[in-house]
Number of protein chains: 2
Amino acid sequence: MPALPETHPLNTRTGASGLVRAYRGDRPEVTPVWFMRQAGRSLPEYRSLRQGRDMLDTCLDPVLASEITLQPVRRHGVDAAIFFSDIMVPLRLVGVDVTIEPGVGPVVAEPVRTPADVERLVALDPARLDEALEPIREGVRQTIAGLAEIGDGTTPLIGFAGAPFTLAAYLVAGRPSKDHLEARTLMRSHPDAWDALTRWAADVTGRFLRAQVEQGASAAQLFDSWAGSLPLEQYREHVAPASRLALDAVRDLTDASGRRVPLVHFGVGAGELYGAMDLDVDCIGVDWRVPLDQALERIDADVTVQGNLDPAVLGAPWEIVEAAIDHVLIAGSVARAHVFNLGHGVPPTADPAVLTRIVQAVHAR
Amino acid sequence: MPALPETHPLNTRTGASGLVRAYRGDRPEVTPVWFMRQAGRSLPEYRSLRQGRDMLDTCLDPVLASEITLQPVRRHGVDAAIFFSDIMVPLRLVGVDVTIEPGVGPVVAEPVRTPADVERLVALDPARLDEALEPIREGVRQTIAGLAEIGDGTTPLIGFAGAPFTLAAYLVAGRPSKDHLEARTLMRSHPDAWDALTRWAADVTGRFLRAQVEQGASAAQLFDSWAGSLPLEQYREHVAPASRLALDAVRDLTDASGRRVPLVHFGVGAGELYGAMDLDVDCIGVDWRVPLDQALERIDADVTVQGNLDPAVLGAPWEIVEAAIDHVLIAGSVARAHVFNLGHGVPPTADPAVLTRIVQAVHAR
């Protein structure tokens, strides 16, 4: 098992943080809290930085990416930073012609529809990323330096990558798609080509995740936006193995005491899949649709849960938000440990003041 | 209980059809099969009729609506017609400024965001529909006449309406929306206004459904496109009561032997909700994500199941389609009765020849 350098934050600053302890199964005095997509459009300081700037270009600018990552830590006092990036970044870096179109989402110039398309795609050597990921590495290093300056300097950074199925869904459809029919059709029609595609995507996204951890992220979250479109049987057979591969890319990295970097797995609308989503991870992120205690019953392992305040309550009067927070905390209390979060990303329309107040409320509970 | 006229198809022609028998709990010799959205863009004869014609205008043209409804019955030999319409039709007819924009979906000119907006909306009297629904009534009558001319004339028409939550999701967001956050925020923030909105929507959509049944539909399906965005608790408290109201609009209509018109309830991605979706209906439609036998375990009633071939297999080689059909039939065999269908609407890209072949295969099993 390759040990992370002695200077890695997990060895120097974040190992005893509430977040890392909770992921590892402890119950720190205060429930740690962060928000998926906390760095982003809900923040005016983000919107002013992004003005006129392309999404992927922003992700690949180390100064901007680290500044955006730090913004919600400064503002909300959350217990984790999550690296500001886009799941498509490693695809762009490996040579796929992809853009993020405002108001649309990821658009792939040449969709991967047939086994021949897959063959062409997987000829792009993921090893290219060793060099190409340098802007990401630099962004993470600058983020780590910035985090050391905030508060007591113990706030951990979470590394972030898209799951192979979600990458494949964009690659096959060429753009955001309802029900991901194109990808699921390829999976059904050409399972061998599909498996080659998702193994390749796992390699690509795994290298992206590993680069973040090596440079200083203290945990790693695999994010499957579209897994919820799958029946359990298909997920188990044609998706979970690739997601496991992606997680394997960081699984061997250990801190000075030999403990691995905590791994988190989250899927949107994945209520049917929890029984198959524990790929030997430390924590399962739970969507807003399923109460945490019920999700746990479906997970065949003793994991930490993360989540799952319904983003729809953010616009409600504070007493309703407060009741919903308590609801989540009570459901989370049956888990070995709980990291408070939303059940999905922060909506662009969210009022940042409400998010700050939620952090304070969770900390005060 | 108001009895349907003696001349109603349920009394004269469709009462002994496989579809009606299966909905009522029998197992006819041959498993009945139809496809959600069978009338629509997958058919070249539909595309040529629709060319240059607005969606809602088409729905409100009795000649076109009935012709489009009949097309898949002629082509595929399915065991049911489903009335070609759009869930937004009754909203347009009651006075809401709504259009269906090609490539976008329903767009509501004045979104209903606040309790004051709801108050203005519900001032539109649903009783207006008694007159305004005439084009729909005429479309149904022409469809019934057309069905009498196809095959042995016993093919039933299914009436169709959107569930109150789905209507409300469009009314509040003003257009198709990810996760239906706007509607769910109103539900959380102003439950009284929300309940007023959905009760009104139930009245409107219920009248639409009743008009179809009175004019000759032999069954009624309530379609909740967006229920899958809801946690069970919210669904039970703030959605199911309105859906029940909508179904109540047709529940009292009986055939000559005093049996009510079969009721079907379907929600997309509603795996978490099956425990609350049996609103005393005869049949639950099941999404492709949950095997029929597992869905039944979650439904606290002895119902017929409808579904649920994954639309993603339609593009696969025939032996894969065939295996998936058998998979669905085997899972459906534990139910009291089974109506074969897809687990969602026919995708516009589907090959009609495959659909025809599926009908033949299900009939031959």
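Residues numbered from 1 in each chain as written. Chains lettered and ligands numbered in written order. Predicted model: local features only at pLDDT ≥ 70, side-chain atom pairs only at ≥ 80, totals over all residues. Heavy atoms only, no water.

Undergrad: Honestly, the UniProt feature "site: Transition state stabilizer" (unreviewed entry) in chain A in this entry has me stumped. Any pointers?
TA: Residue and element names in this part refer to chain A. UniProt tags Asp-86 as "site: Transition state stabilizer" (unreviewed entry). Residue class for Asp-86 comes out buried when judged on its relative accessible area of 13%. Beyond its immediate sequence surroundings of up to four residues, Asp-86 is in contact with Met-55, Leu-56, Cys-59, Ile-100, Phe-160 and Phe-208. A polar side-chain atom of Asp-86 sits 2.8 Å from the main-chain amide nitrogen of Met-88. (UniProt positions renumbered as here; feature names shortened; annotations may be inferred. Buried < 20%, exposed > 50% of the residue type's maximum accessible area, 1.4 Å probe, protein only. Contact = heavy atoms within 4.5 Å. Polar contact = N/O pair within 3.5 Å; in protein donor to acceptor, adjacent residues only side chain to side chain.)

Undergrad: Can you walk me through the interface of chain A and chain B in this structure?
TA: Accessible area lost upon the coming together of the parts is a frequently used measure of interface size. In this assembly, 31 residues from chain A lie in contact with 31 residues from chain B. Buried surface at the junction of chain A and chain B, summed over both partners, amounts to about 2,600 Å²; 50% is from carbon and sulfur atoms. Taken as a group, A:Arg188, A:Glu272 and A:Arg289 account for 23% of the area that chain A buries against chain B, more than any other trio of residues on that side. B:Asp310 is the partner of A:Arg188 in a salt bridge, and the nearest nitrogen-oxygen pair spans 3.1 Å. At the boundary of chain A and chain B, one finds 17 residue pairs in polar contact (both at pLDDT 80 or more). The element contributing the most residues to the side of chain A that touches chain B is helix α11 (residues 181-189) of chain A, with five residues. Here the side of chain A that touches chain B is built from residues that sort into 14 nonpolar, eight polar and nine charged. (Buried area = accessible area lost by both parts, 1.4 Å probe. Salt bridge = Lys/Arg side-chain N within 4 Å of Asp/Glu carboxyl O. Helix = DSSP H or I, 4+ residues; strand = E, 2+ residues; numbered from the N terminus. Nonpolar A, V, L, I, M, F, W, Y, C, P; charged D, E, K, R; others polar.)

Undergrad: How should I be thinking about the side chain of B:Arg137 in this particular structure?
TA: Residues and elements named next belong to chain B. With respect to the secondary-structure elements, Arg-137 resides in helix α9 (residues 134-148). The exposure class of Arg-137 is buried, given its relative accessible area of 13%. Leaving out residues up to four positions away in the same chain, Arg-137 has contacts with Leu-129, Asp-130, Glu-131, Ala-211 and Gln-215.

Undergrad: What's the story with the pattern of salt bridges in this structure? I'm lost.
TA: Should the charged atoms of two oppositely charged side chains come close, the side chains can pair. Per the counting criterion, the structure on display carries 48 salt bridges over all chains. With a shortest N-O distance of 2.8 Å, B:Asp280 and B:Arg244 are connected by a salt bridge. Taken together, the positions of B:Asp280 in the loop between α15 (274-277) and β7 (283-285) and B:Arg244 in helix α14 (residues 240-251) put the pair 36 residues apart, joining distant regions of the chain. In this structure, B:Arg259 and B:Asp255 form a salt bridge, with 3.9 Å as the shortest nitrogen-oxygen distance. Residue classification places B:Asp255 among the buried positions, given a relative accessible area of 3%. Each of A:Glu134, A:Arg137, A:Glu138 and A:Arg141 takes part in a single network of salt bridges with overlapping partners.

Undergrad: Please clarify how helix α14 (residues 240-251) of chain A should be interpreted in this entry.
TA: Given 3.6 residues to a turn, an α-helix orients residues that are three or four positions apart in the same direction. All names here are of chain A. When the terminal C-alpha atoms of α14 are compared, their 16 Å separation across twelve residues agrees well with the 16 Å that a helix rising 1.5 Å per residue should span. If you check which residues of α14 are buried, you get Ala-240, Ala-242, Ser-243, Ala-246, Leu-247, Ala-249, Val-250 and Arg-251. Elements in contact with the buried residues of α14: α10 (164-173), α12 (191-214), β5 (219-224), α13 (232-238), β6 (263-267) and α15 (274-277). (Expected span 1.5 Å × (residues − 1).)

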